[in-house]
Amino acid sequence: YKVIPINPALAKRNETLHGEKVYSDLQSVSAEYTVDMVDIFRASNAAGQFVDEAIEIGAKSVWLQLGVVDEEAGKRAVDAGLMVVMDTCPLMEFPKLGISGPDDEISSL
């Protein structure tokens, strides 16, 4: 899989992260890529906005990181046909599923 970073401040400065172009928002990413999963690193009270954006761009799933739970946003995503995972870290779960990352050296940092 390919990890596409989103960070408005870094995107404004045309920076890269781990060799990847940084985008300002999900809409910009979806203009160039099909998005399978949106991994959300935000506080629970801010996660819903990004879940809604994932629904808008037609992402297949949303993954809310450890400690991030928004049941209402999760229901919206499920109702829109997305798979939803909350309060879990993909880095910890992918090996259990037999999934390796695009760069296992970066993953082990």
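You'll find the structure just up there.
Small disclaimer: the values here were computed from a predicted structure and weren't measured. (Residues numbered from 1 in each chain as written. Predicted model: local features only at pLDDT ≥ 70, side-chain atom pairs only at ≥ 80, totals over all residues. Heavy atoms only, no water.)

Caption draft 1: Layout of the environment of Glu71. With respect to the helices and strands, the residue Glu71 is situated in helix α4 (residues 71-79). Remark: the alpha-carbon pair of Glu71 and Ser44, spanning 27 residues in sequence, is separated by 9.5 Å. (Helix = DSSP H or I, 4+ residues; strand = E, 2+ residues; numbered from the N terminus.)

Caption draft 2: Expanded view of the pattern of salt bridges. Counted according to the given criterion, the structure contains 6 salt bridges. The salt bridge partner of Lys21 is Glu32, with a shortest N-O separation of 3.5 Å. Taken together, the residues Lys21 in strand β2 (residues 20-21) and Glu32 in the loop between α2 (26-30) and β3 (37-40) connect sequence positions 11 residues apart. (Salt bridge = Lys/Arg side-chain N within 4 Å of Asp/Glu carboxyl O.)

Caption draft 3: Spatial organisation of the sheet that holds strand β4 (residues 61-64). Pairing in this open sheet of 3 strands is parallel, and the strands run β3-β4-β5 from one edge to the other. The outermost strands of the open sheet, each flanked by one partner alone, are β3 and β5 (83-85). Going across the sheet, the axis of each strand differs from the next one's by a mean of 10°, ignoring polarity. Two strands pair when backbone bridges link them, and β4 and β5 are joined in this way by 3 bridges, in the parallel orientation. Across the sheet, the residue bridging to Trp63 is Val85, located in β5. (Pairing = 2+ DSSP bridges. Axes fitted to C-alpha atoms, helices over the stretch in contact; angles between N-to-C directions.)

Caption draft 4: Region of interest: the packing of helix α3 (residues 44-57) against α4. Following both chains from N to C, one finds α3 and α4 inclined at 5°, their axes separated by 9 Å at the closest point. Between α3 and α4, the crossing angle belongs to the class labelled roughly parallel. Residues Gly48, Val51, Asp52 and Ile55 of α3 touch α4, and the partners they reach there are Ala73, Arg76 and Ala77. Of the residues assigned to the contact of α3 with α4, the class counts are 4 nonpolar, 1 polar and 2 charged. (Parallel < 35°, antiparallel > 145°, perpendicular 65-115°, else oblique. Contact = heavy atoms within 4.5 Å. Nonpolar A, V, L, I, M, F, W, Y, C, P; charged D, E, K, R; others polar.)

Caption draft 5: Representation of the side chain of Asp70 in the model. As for its placement among the helices and strands, Asp70 is situated in the loop between β4 and α4. One buried charged residue, Asp70, remains without a salt bridge, the closest side chain of opposite sign being Arg76 at 5.1 Å. Separated by 3.2 Å, the side chain of Asp70 and the backbone nitrogen of Glu72 make a polar contact. Side-chain polar atoms of Asp70 contact the backbone nitrogen of Ala73, separated by 2.9 Å. Asp70 has contacts with Ser44, Gly48, Leu64 and Met86, leaving out every residue within four places of it along the chain. (Buried < 20%, exposed > 50% of the residue type's maximum accessible area, 1.4 Å probe, protein only. Lys, Arg positive; Asp, Glu negative; His and termini not counted. Polar contact = N/O pair within 3.5 Å; in protein donor to acceptor, adjacent residues only side chain to side chain.)

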